[in-house]
Amino acid sequence: MKNRVWKKMLAGVLCAGMIGTLALTGCGSSTGNDAADAAASAAAEAADDVSAAAEETGEDADQAAADAVSMMIDEIIVQEWTDDTYEKCDAAKAAWDALTDAQKELVEDPDYFGRDTGDASADDPLNGDDIGENELLVVSFGTSFNDSRATDIGSVEKALQEANPDWSVRRAFTSQIIMNHVYARDGEKIDNVDQAMERAVSNGVKNLVIQPTHLMHGAEYDELVEQVSAYEDQFESVTIAEPLLGEVGDDATVINDDKKATAEALTAEAVSVAGYDSLDAAEADGVAFVFMGHGTSHTAKVTYSQMQTQMSDLGYENVFIGTVEGEPEETACENVIKAVQDAGYTKVILRPMMVVAGDHANNDMAGSEDDSWLSMFKAAGLESVDCQVEGLGRITGIQDIYVQHTADAIGG
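Rules behind the numbers
- Residues numbered from 1 in each chain as written.
- Predicted model: local features only at pLDDT ≥ 70, side-chain atom pairs only at ≥ 80, totals over all residues.
- Heavy atoms only, no water.
- Salt bridge = Lys/Arg side-chain N within 4 Å of Asp/Glu carboxyl O.
- Helix = DSSP H or I, 4+ residues; strand = E, 2+ residues; numbered from the N terminus.
- Buried < 20%, exposed > 50% of the residue type's maximum accessible area, 1.4 Å probe, protein only.
- Core = buried A, V, L, I, M, F, W, Y, C linked by side-chain atoms within 4.5 Å.
- Contact = heavy atoms within 4.5 Å.
- Polar contact = N/O pair within 3.5 Å; in protein donor to acceptor, adjacent residues only side chain to side chain.
- Expected span 1.5 Å × (residues − 1).
- Phe/Tyr/Trp six-rings, centres within 6.5 Å; stacked < 30°, edge-to-face > 60°.
- Pairing = 2+ DSSP bridges.
- Axes fitted to C-alpha atoms, helices over the stretch in contact; angles between N-to-C directions.

Enquirer: Hey, could you go over the pattern of salt bridges for me, with residue numbers and the actual values?
Expert: One pass over the full model with this rule turns up 17 salt bridges. Taking the shortest distance from any N to any O, the salt bridge between Arg-171 and Asp-123 comes out at 2.8 Å. With Arg-171 in strand β2 (residues 168-173) and Asp-123 in the loop between α6 (111-114) and β1 (134-140), this residue pair connects regions lying 48 residues apart in the sequence. Residues Arg-171 and Asp-123 agree in their burial class; the two are buried. Note that Asp-191 and Arg-199 form a salt bridge whose closest N and O atoms lie 2.7 Å from each other. Connected via shared salt-bridge partners are Asp-123, Arg-149, Glu-157, Arg-171 and Glu-188.

If you want it as structure tokens, here you go:
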């Protein structure tokens with residue numbers, strides 16, 4: 001009974017520390033760096049009290065302290081932005097920092113704060129003011145993997161800025177969960193779409209071009225169009241450029257120049273990274289390349305089937321398209337494994353067909369869990385299975401497609 005009560009006390013103290021933090025910052029008013037520092041300090045004091053108490057009372061209290069931090073992390077794994085989001089993130093990070101190493105291991109998701117994904121300072125969030133009259137807003141789903149954010153998304157943004165020197169390139173992400181994670185762990189603030197649009201309005205932007213880094217006209221693209229429509233009357237012109245793979249088309253046979261260029265650029269990069277002179281040389285060595293996309297229940301899922309058609313039309317017989325979600329059905333991992341084996345290939349190289357090599361690439365594809373693609377392909381008895389954990393965004397040919405789509409939008 002004593003231990004159960006103590007767990008509740010620890011969780012209550014830690015959450016009370018968070019509430020106190022929110023009160024210090026005025027529950028949502030934008031009070032600047034001083035308020036943020038005060039918030040972090042107050043949260044740290046509360047977390048220190050809990051950590052000290054846990055050290056005095058043994059293993060059960062250690063778990064209680066970890067559980068309290070898990071609760072605070074759960075509070076910020078949400079898609080909706082609220083006025084107290086930053087304060088909640090500050091409190092969760094301060095509480096995590098106050099835990100002992102042993103307590104951190106007991107947190108439900110110790111990787112949330114504990115996993116090293118690279119140097120966040122290498123990334124530019126592109127959230128500055130002084131934009132000017134012409135803005136190019138690059139909208140991505142986002143990733144909390146710092147290296148990939150800088151190398152994949154950042155490379156696309158830099159290519160677009162270089163190609164459009166008279167336009168100010170800015171960034172927005174659509175995943176609030178990711179933005180909260182990046183801020184809580186690394187202190188980097190990235191605008192969501194509404195924040196970016198409001199920044200453009202307050203800066204007096206007249207001409208706004210939005211370049212999504214999404215692959216297709218799927219659910220995220222549709223949601224972006226709807227969000228932007230609420231701001232259209234505040235600019236002289238607003239144009240949303242095409243996503244990477246262009247128009248969807250009606251069925252699996254419909255392909256276009258964007259899909260062809262993407263297939264060629266992705267395959268050439270994968271072959272080069274694998275150390276082969278050509279795709280034919282890899283095929284002669286028994287190697288199949290499997291490009292893993294996300295998958296979707298949206299009608300745009302036919303895009304993945306079209307990409308497989310495109311690979312076949314290019315003569316890329318040892319290239320297969322799969323998806324994490326297994327939609328469309330033929331792209332499910334078990335079906336791709338069967339297709340690879342039926343075709344007689346004994347070696348497989350897995351690579352994401354995603355703009356960033358983030359959570360899906362590192363965990364769903366290349367992770368050590370039994371249900372990762374790496375583990376499932378190995379379990380199928382193939383001679384070798386290797387992973388290339390690299391996103392599309394770092395490939396020059398992919399950047400060129402986005403640059404052309406932006407040029408079409410500006411010129412259109």
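Back to the text.
Enquirer: Summarise the nonpolar core; cite the residues concerned and give the values.
Expert: Within the largest apolar cluster, 48 residues are counted, with the highest numbers of intra-cluster contacts made by Phe-289, Phe-291 and Met-353. Looking at this core, the element that brings in the most residues is helix α11 (residues 257-274), giving five residues. Beyond its immediate stretch of four places on either side in the chain, Met-353 contacts Leu-215, Leu-266, Phe-291, Met-292, Gly-293, Tyr-304, Met-307, Ile-321 and Leu-392. Grouped together as the second largest cluster of nonpolar side chains are 18 residues, Val-290, Cys-333, Val-348 and Met-365 included.

Enquirer: I'd like a description of the side chain of Ser-372, backed by residues and values.
Expert: Among the structural elements, Ser-372 can be located in the loop between α15 (359-365) and α16 (373-379). What makes Ser-372 buried here is its relative accessible area of 1%. Within the structure, Ser-372 has its side chain in polar contact with the backbone oxygen of Gly-367 (distance 2.7 Å). Apart from residues no more than four positions distant in its own chain, Ser-372 is found in contact with Asn-363, Asp-364, Met-365 and Gly-367.

Enquirer: I'd love a proper account of helix α3 (residues 59-76), names of residues and values included.
Expert: The end-to-end C-alpha distance of α3, which contains 18 residues, comes to 26 Å, matching closely the 26 Å that a straight helix rising 1.5 Å per residue would cover. All of the buried residues in α3 are Ala-61, Asp-62, Ala-64, Ala-65, Ala-66, Ala-68, Val-69, Ser-70, Met-72, Ile-73 and Ile-76.

Enquirer: If you had to explain the packing of aromatic side chains to someone new, which residues and values would you point to?
Expert: If you walk through the whole model with that rule in mind, you get seven aromatic pairs. Here Tyr-112 and Phe-113 contribute two aromatic rings whose centre-to-centre distance is 5.1 Å and whose plane-to-plane angle is 85°, an arrangement assigned as edge-to-face. As far as burial versus exposure is concerned, Tyr-112 and Phe-113 are alike and both buried. Each ring, one from Phe-289 and one from Phe-291, has its centre 6.5 Å from the other, and the planes form 35°; the classification is tilted. Residue Phe-289 is classed as buried on the basis of its relative accessible area, which comes to 0%.

Enquirer: Please provide a residue-by-residue account of the sheet that holds strand β8 (residues 384-387), values included.
Expert: Across the sheet, four strands lie side by side as β6-β5-β7-β8; this open sheet has parallel pairing. The open sheet has two edge strands, β6 (319-323) and β8, and neither has a second partner. Strand-to-strand twist across the sheet, computed as the mean angle between neighbouring axes with direction ignored, equals 25°. Note that strand β5 (residues 287-293) and β6 share five bridges and pair parallel. Bridge pairing in β6 places Met-292 opposite Gly-322. Across the face of the sheet, helix α13 (residues 302-313) comes into contact with β5 and β6 while running at roughly 175° to β6.

Enquirer: Explain the pairing of strand β3 (residues 207-212) residue by residue, including any values.
Expert: Across the six residues that make up β3, a large majority, five, are buried. One ladder, built from six bridges, connects β1 with β3; its direction is parallel. Looking at the pairing, Val-139 lines up with Pro-212 of β3. Of the strand pairs in this sheet, β3 and strand β4 (residues 237-240) are connected by four bridges, and their pairing is parallel. In the strand pairing of β4, Val-209 is matched with Thr-239.

Keep in mind that these numbers describe shape and distance, not what the molecule does.
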